[in-house]
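Spelled out, the chains give:
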Amino acid sequence: MEKGLIFVISGPAGCGKGTVVGKLREMMPNIGFSVSATTRPPRPGEIDGVNYHFITRGKFTELLEAGEVLEHTEYCGNMYGTLKSEAVRTLNEGRDIILEIEVEGALQIKSMMPDDAVAVMLIAPDPEELERRLRGRGTESDEVIKRRLKRSVEEIGLAENYDYVVINETGKTDECAAKIQGIINAEHLRYQRMKDTVNGYAAGQKI
Ligand code: 5GP
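Residues numbered from 1 in each chain as written. Predicted model: local features only at pLDDT ≥ 70, side-chain atom pairs only at ≥ 80, totals over all residues. Heavy atoms only, no water.

Draft legend 1. Structural context of helix H7 (residues 173-188). For H7, which comprises 16 residues, the first-to-last C-alpha distance of 23 Å matches the rise-based estimate of 22 Å (1.5 Å per residue) to within 8%. Among the residues making up H7, those that are buried are Cys-176, Ala-177, Ile-180, Ile-183, Ile-184, Glu-187 and His-188. Here the buried residues of H7 occupy an arc of 135 degrees about the axis, which is enough to place them on one side. Those residues of H7 hidden inside the fold are in contact with strand S1 (6-10), helix H1 (17-27), strand S7 (97-100), strand S8 (117-123), strand S9 (164-167) and helix H8 (191-202). (Helix = DSSP H or I, 4+ residues; strand = E, 2+ residues; numbered from the N terminus. Expected span 1.5 Å × (residues − 1). Buried < 20%, exposed > 50% of the residue type's maximum accessible area, 1.4 Å probe, protein only. Arc of directions from axis to C-beta. Contact = heavy atoms within 4.5 Å.)

Quick look at the structure:
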């Protein structure tokens, strides 16, 4: 069975990642999504087990020590991590998985699984738009927004480590999701991933 690939999607806070990924979920229902664990308190409307597994720092440390966390990072004062239990099952079923994670986690995944991980950075069309979107959310304090904006600039500086960069133009979520869908489809058709099929065909097997 063909192995599932890991598509890491990162984007500075406010770049519209959540909306684009939501669109992708509708467009590609067979793709798995991992619900991360975080020590950040839920925002209004966020549901435990759906948006995140909201856990205490003590529980997070426990999971880390038990080797249950695939990658993790501290982001603006809170811990975030991908649980092995969320990711491994999907990949073993031969399905792709999307991880919506920040840059440090993305780099951990890329170095852990260089052949199976593809990293996409999503960026807002310009820094002012990023700030406008972040403030427009209206759920964070000024101090948190400033920290997130600073971190955003740092994250974009690490784009060279990514395989793809996609700009999320305002009002064009569908177009942006379609571009990422194109990347996902194309990645499966890389020669390295088609090699066994090609060799089988050359040996007279039906594809
Ligand atoms: P937020 O607090 O806005 O939901 O997320 C803050 C940042 O943490 C975002 O860039 C988000 O992609 C990232 N993030 C969410 N879950 C994970 C995770 O499991 N691992 C890592 N490394 N980053 C995560």
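Draft legend 2. Quick peek at the layout of surface pockets. For the largest pocket, the calculated volume is near 970 Å³. Lining the largest pocket are 36 residues, and of these Lys-17, Gly-18, Arg-43, Tyr-52 and Glu-100 sit closest to its centre. Only H1, strand S5 (69-75), strand S6 (78-83), S7 and helix H6 (142-156) provide two or more residues apiece to the lining of the largest pocket. With six residues, the top contributor of residues to the lining of the largest pocket is H1. Considered class by class, the residues forming the lining of the largest pocket number twelve nonpolar, twelve polar and twelve charged. A volume near 320 Å³ is recorded for the second largest pocket. What lines the second largest pocket is Glu-2, Lys-3, Leu-5, Asp-115, Asp-116, His-188, Gln-192, Arg-193, Met-194, Lys-195, Asp-196 and Thr-197. The element contributing the most residues to the lining of the second largest pocket is H8, with six residues. When the residues that make up the lining of the second largest pocket are grouped by side-chain class, the tally is two nonpolar, three polar and seven charged. (1 Å grid on protein atoms, 1.4 Å probe; cavity = no way out; pocket = protein on both sides within 12 Å on 5 of 7 lines; lining within 4 Å. Points joined across faces, edges and corners; volume = space filled by probe spheres on them. Nonpolar A, V, L, I, M, F, W, Y, C, P; charged D, E, K, R; others polar.)

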